[in-house]
Amino acid sequence: MTFVAPKPVPGPTVVHVPVSDPRVRPLLHELGEEYSTRYGKDAHAELARYPDEEFTAPYGGVLLLLLERGQPVAGGAFRRYDADTAELKRIWTHSAHRRRGLARRVVAELEYEAGVRGYRRIRLTTGPRQPEARGLYLATGYTPLFDIGADPETIGPLPFEKHLSATAPTGRAPVQ
């Protein structure tokens, strides 16, 4: 299959960065605060669960940020789950920039990058106390691998999957 990049769209610039890039700090800080607030425990263990190198190209992963005027407004990553599957992690929108569709843009960029790298499927989990994330994944075509009618608190992490197509998602801008 060949991936075709669509026409550029206006909006934030996409950059691929290592976890050590200082522009990633707001992402990790806000995710840690969000997890701690929602789940009542220190989120550092969850954020440190995977080595940073898993989010780099040599290990089959990527971490990207959306920048406006050089500042991070959203971001996310994926890591290799298996030979055909990427696992989305750390999807984030800066608290001052929510409700602008940036999370959808991050997911579209990650899907595109996963497809370019030869992945055919994406999986992810989100916490039961993150209805915004659940809604995002349902709205962007992910299949829930759980009973959506059940109380999320009785399920634990909510798993989703999506099979990638041969074309880039609409609205995808070129990587800079």
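Residues numbered from 1 in each chain as written. Predicted model: local features only at pLDDT ≥ 70, side-chain atom pairs only at ≥ 80, totals over all residues. Heavy atoms only, no water.

## Let's talk about the layout of surface pockets
So, point 1. If you add up the space inside the largest pocket, you get close to 1,300 Å³.
So, point 2. Lining the largest pocket are 42 residues, with Tyr-35, Ile-91, Thr-126, Gln-130 and Ala-133 sitting closest to its centre.
So, point 3. Residue assignment for the lining of the largest pocket shows that the elements contributing at least two residues are helix 1 (25–39), helix 2 (44–47), strand 4 (85–93), helix 3 (102–116), strand 5 (121–126) and helix 4 (131–139).
So, point 4. Looking at the lining of the largest pocket element by element, the count peaks at 7 residues for strand 4.
So, point 5. Taken together, the residues of the lining of the largest pocket sort by class into 19 nonpolar, 8 polar and 15 charged. (1 Å grid on protein atoms, 1.4 Å probe; cavity = no way out; pocket = protein on both sides within 12 Å on 5 of 7 lines; lining within 4 Å. Points joined across faces, edges and corners; volume = space filled by probe spheres on them. Helix = DSSP H or I, 4+ residues; strand = E, 2+ residues; numbered from the N terminus. Nonpolar A, V, L, I, M, F, W, Y, C, P; charged D, E, K, R; others polar.)

## Details of the sheet that holds strand 5
So, point 1. Judged by pairing direction, the sheet is mixed, and its 7 strands sit side by side in the order 1-2-3-4-5-7-6 without closing on themselves. The sheet is open, and its two edges are formed by strand 1 (13–16) and strand 6 (143–144), each paired on a single side.
So, point 2. Most of the contacts of helix 3 go to strand 3 (residues 71–82), to which it runs at about 40°, and overall it touches strand 1, strand 2 (62–68), strand 3, strand 4, strand 5 and strand 7 (158–163). (Pairing = 2+ DSSP bridges. Contact = heavy atoms within 4.5 Å. Axes fitted to C-alpha atoms, helices over the stretch in contact; angles between N-to-C directions.)

## Brief notes about the pattern of salt bridges
So, point 1. Using the criterion set out here, one finds 14 salt bridges in the structure.
So, point 2. Among the salt bridges present, the one from Arg-38 reaches Glu-34, with a minimum N-O distance of 2.7 Å. With Arg-38 and Glu-34 both in helix 1, this residue pair falls 4 residues apart, about one helical turn.
So, point 3. Glu-34 sits in the partly exposed class, given a relative accessible area of 23%.
So, point 4. A salt bridge links Arg-105 to Glu-109; the nearest nitrogen and oxygen atoms lie 3.0 Å apart. Remark: Glu-109 and Arg-105 occur in helix 3; sequence separation between them is 4 residues, near one turn of the helix. A single burial state applies to Arg-105 and to Glu-109, both of which are buried. (Salt bridge = Lys/Arg side-chain N within 4 Å of Asp/Glu carboxyl O. Buried < 20%, exposed > 50% of the residue type's maximum accessible area, 1.4 Å probe, protein only.)

All we've got here are geometric facts, nothing functional implied.
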